[in-house]
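Spelled out, the chains give:
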Amino acid sequence: MAVSFQTKYPLRPITNVPRTHHRSSFLHVRVTCSATTTTTTKTQPNREKKLVVEKRFVSPPLSNDPTLQSTWTHRLWVAAGCTTLVASLAKSVIGGVGSHLWLEPALAGYAGYVLADLGSGVYHWAIDNYGDESTPLVGAQIEAFQGHHKWPWTITRRQFANNLHALARVITFTVLPLDLAFNDPVVHGFVSTFAFCIMFSQQFHAWAHGTKSKLPPLVVALQDMGVLVSRKQHGEHHRAPYNNNYCIVSGAWNKVLDESKAFEILEMVLFFKLGVRPRSWSEPNSEWTEETDLSSSQA
Amino acid sequence: MASSSSFFTFSSQTTLHSHLHRNTFLTKTQFPVPKKSSESNFFGLRLSPSTSRSPLSPCSFKSSIFAKVNKGQSAPDFTLKDQNGKPVSLKKYKGKPVVVYFYPADETPGCTKQACAFRDSYEKFKKAGAEVIGISGDDSASHKAFASKYKLPYTLLSDEGNRVRKDWGVPGDLFGALPGRQTYVLDKNGVVQLIYNNQFQPEKHIDETLKFLKAA
């Protein structure tokens, strides 16, 4: 079982201390079980040790787990994010009307939608493959993504603001200064749609994990049309080798990025220049592999 | 030729330049290959064609200016340690064809695919009377683990400091950011008869070299 990969990630500190995190009741011990399965003649004791670690490792969150529910803080951040988006959109529309411009802001808006998909893919690729919970700024997100790979279905159990609040926070801090600094309708045409798609990408992502019968018909239609990332396409991302279909807005960039091997090229360059190995190069281990046995009991 | 290809060129074009007595054949080329250039490309767009040296086309991706080992030349000898730490010389293989493949690194996706493809076709190489040698800058311990994990039946050599890679003029990719993936087929006299370069379609190295050996 995955042993050597731990030594090949210079940027990932190996932590042996169980974490007590008030937020994530289901994320306790960072994977160190692999460190116990080193080459040794005594396989039996190691196996037992590994099982002990696995047992106290994690259990999937139940539907009523507080970590899946929205708090008022979550809602406030989502409200703040939406406010900045509405302000940006308003500036674009009002400014456009005032200047008798509609095509340029509209095109800028379309560009925002298109590039948000690309941006979501690049960010998702980076978060999925590099760093860990101790990485500054994004450590918690990396941990959350790892948990998501283990139990993909839980995203459909997250309440709306819970799911979006992290992105809403980023959008608030990014778009607010832009709202204050710029009045150009074209700039805001781009900013409002780009930021909207990024902020709501987690919702699109959740819908991509939904089942057709339970999703609103409009969502299903948008997925089928390719406006939103489809359930099938995103499902591919959750299957071995876990190195494709990273985009989660419309998914339009997935084919281009995967066929051009853009991420593979980036991974190779980072490996040779910085010595960092992406997680997707290692054999699927407990961090990637979906717990299908538990999923059926959770569904 | 590479100068007119975009950064991500996906068409699988190969240009094989076989033995002088054979007809050179082009497969699926979109643009003419300048016969006197030595360049690296991502997707097997070309190989080293002729024995004469020539200046690079301005927009080539390759890092070294001149290929030092060209088709028709006798490959320079080297002695490198194999996966067991034993020194192995190229000249030991004289008397039979040898496929020498330079690859970026052990345990990377492309190199793993390539190694496994050579493994899976190893019997065919043996049937053609050829030996297979893989060379990268990894050390013997890394090669040993890599060979053991994927049950590679052939020799992996450790080119510490990438000295042999440089001596042979294996071009890099992405302005030298990536070590190139280039395969040489030497005849029983140690003369280079085929050079194939393809960074991102590693399995093609097996197809092209086997095709060449079978036709030989």
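Residues numbered from 1 in each chain as written. Chains lettered and ligands numbered in written order. Predicted model: local features only at pLDDT ≥ 70, side-chain atom pairs only at ≥ 80, totals over all residues. Heavy atoms only, no water.

For chain A, the count of helices and strands is 13 helices and zero strands. The burial tally for chain A puts 47% of its 299 residues in the buried class. Looking at chain A as shown, the accessible area adds up to about 15200 Å², and 66% of this sits on carbon and sulfur atoms. (Helix = DSSP H or I, 4+ residues; strand = E, 2+ residues; numbered from the N terminus. Buried < 20%, exposed > 50% of the residue type's maximum accessible area, 1.4 Å probe, protein only. Areas by Shrake-Rupley, 256 points an atom, 1.4 Å probe, with all protein chains shown as cover.)

All names here are of chain B. The full count for this structure, using the stated rule, is eight salt bridges over all chains. Between Arg163 and Asp167 there is a salt bridge, with the nearest N and O atoms lying 3.6 Å from each other. With Arg163 and Asp167 both in helix 4 (residues 163-168) and four residues apart, this pair spans about one turn of that helix. When the shortest N-O distance is used, the salt bridge between Glu208 and Lys211 registers 3.7 Å. Linking Glu208 with Lys211, this pair stays in helix 5 (residues 204-215), spanning three residues, or about one helical turn. With relative accessibility at 7%, the residue Glu208 sits in the buried group. (Salt bridge = Lys/Arg side-chain N within 4 Å of Asp/Glu carboxyl O.)

Counted under the stated rule, the structure contains 23 aromatic pairs over all chains. Taking 5.5 Å as the distance between ring centres and 70 degrees as the angle between the ring planes, the aromatic pair formed by B:Phe146 and B:Tyr150 counts as edge-to-face. One end of the pair is B:Phe146 and the other is B:Tyr150, both in helix 3 (residues 140-150) and four residues apart, which spans about a single turn. Three or more aromatic residues joined by ring pairs make a cluster, and in this case those are B:Tyr101, B:Tyr103, B:Phe118, B:Tyr122, B:Phe125, B:Phe146, B:Tyr150 and B:Tyr154. Just above the ring of A:Trp72 sits the side chain of A:Arg75; from NZ or CZ to the centre is 4.6 Å. Here A:Arg169 stacks its cationic end above the ring of A:Trp77, 5.8 Å away from the centre of that ring. (Phe/Tyr/Trp six-rings, centres within 6.5 Å; stacked < 30°, edge-to-face > 60°. Lys NZ or Arg CZ within 6 Å of the ring centre and 35° of its normal.)

Our next topic: the interface of chain A and chain B. Contact with chain A, which involves 15 residues of that partner, is made by 19 residues of chain B. Here chain A meets chain B over a buried area of about 1400 Å², counting both sides, of which 74% is carbon and sulfur. On the chain A side of the interface with chain B, the three residues burying the most area are A:Ile265, A:Met268 and A:Phe272, jointly 36% of the side's total. Joining chain A to chain B, the criterion identifies zero salt bridges. (Contact = heavy atoms within 4.5 Å. Buried area = accessible area lost by both parts, 1.4 Å probe.)

It is worth spelling out the UniProt feature "domain: Lipid desaturase" (unreviewed entry) in chain A at this point. Per the UniProt record, "domain: Lipid desaturase" (unreviewed entry) is found at residues 113-281 of chain A. Along residues 113-281 of chain A, the helical share is 66% and the strand share 0%, with 30 Å between the first and last C-alpha atoms. (UniProt positions renumbered as here; feature names shortened; annotations may be inferred.)

Residues and elements named next belong to chain B. Residues Tyr101, Phe118, Phe125, Val132, Leu152, Tyr154 and Leu156 are the most contacted members of the largest nonpolar core, which totals 24 residues. Only strand 5 (98-102), helix 1 (109-120), helix 2 (122-127), helix 3 and helix 5 provide two or more residues apiece to this core. In terms of residue count, the dominant contributor to this core is helix 1 (five residues). In contact with Phe125, other than residues within four places in its own chain, are Val99, Phe118, Ala130, Val132, Ile206, Thr209, Leu210 and Leu213. (Core = buried A, V, L, I, M, F, W, Y, C linked by side-chain atoms within 4.5 Å.)

Take the sheet that holds strand 4 (residues 87-89) of chain B next. Residues and elements named next belong to chain B. Sheet architecture is open: seven strands sit in the order 4-3-7-6-5-8-9, paired in mixed fashion. At either end of the open sheet lies a strand with only one pairing partner, and these are strand 4 and strand 9 (192-197). Looking at each pair of strands side by side, their axes are set apart by 30 degrees on average, direction ignored. Note: strand 5 against strand 8 (residues 182-186), five bridges, orientation antiparallel. The residue bridging Val98 from the neighbouring strand is Leu186, located in strand 8. Here helix 1 sits on the sheet and contacts strand 5, strand 6 (131-136) and strand 8; the angle it forms with strand 5, its principal contact strand, is near 165 degrees. (Pairing = 2+ DSSP bridges. Axes fitted to C-alpha atoms, helices over the stretch in contact; angles between N-to-C directions.)

So, about the environment of A:Met199. Residue and element names in this part refer to chain A. Locating Met199 in the fold gives a position in helix 7 (residues 185-199). Residue classification places Met199 among the buried positions, given a relative accessible area of 0%. Counting along the chain gives 33 residues from Met199 to Ala166, while the straight-line C-alpha distance between them is 8.6 Å. Residues within four places of Met199 in sequence aside, it is in contact with Val78, Gly81, Cys82, Leu85, Leu164, Leu167, Ala168 and Ile171.

Attention now goes to the confidence of the model for chain B. Residues and elements named next belong to chain B. For chain B, the mean per-residue pLDDT works out to 79, and 69% of the residues sit at or above 70. Within the model, the stretch residues 1-39 combines pLDDT values under 50 with 106 contacts to residues more than four positions away or in other chains. pLDDT under 50 marks residues 48-64. Its contacts with residues more than four places away, or in other chains, come to 51 contacts. Predicted complex, confidence summary: ipTM 0.71, pTM 0.74. (pLDDT = per-residue confidence, 0-100.)

Residues and elements named next belong to chain A. Taken as a whole, helix 9 (residues 217-225) has its buried residues at Val219, Val220 and Gln223. One face of helix 9 carries all of its buried residues, which in axial projection span an arc of 100 degrees. Away from its buried face by more than 90 degrees, helix 9 exposes Pro217, Leu218, Asp224 and Met225. Immediately beyond the C-terminal end of helix 9, within one or two residues, lies Gly226, with a positive phi of roughly 90 degrees. (Arc of directions from axis to C-beta.)

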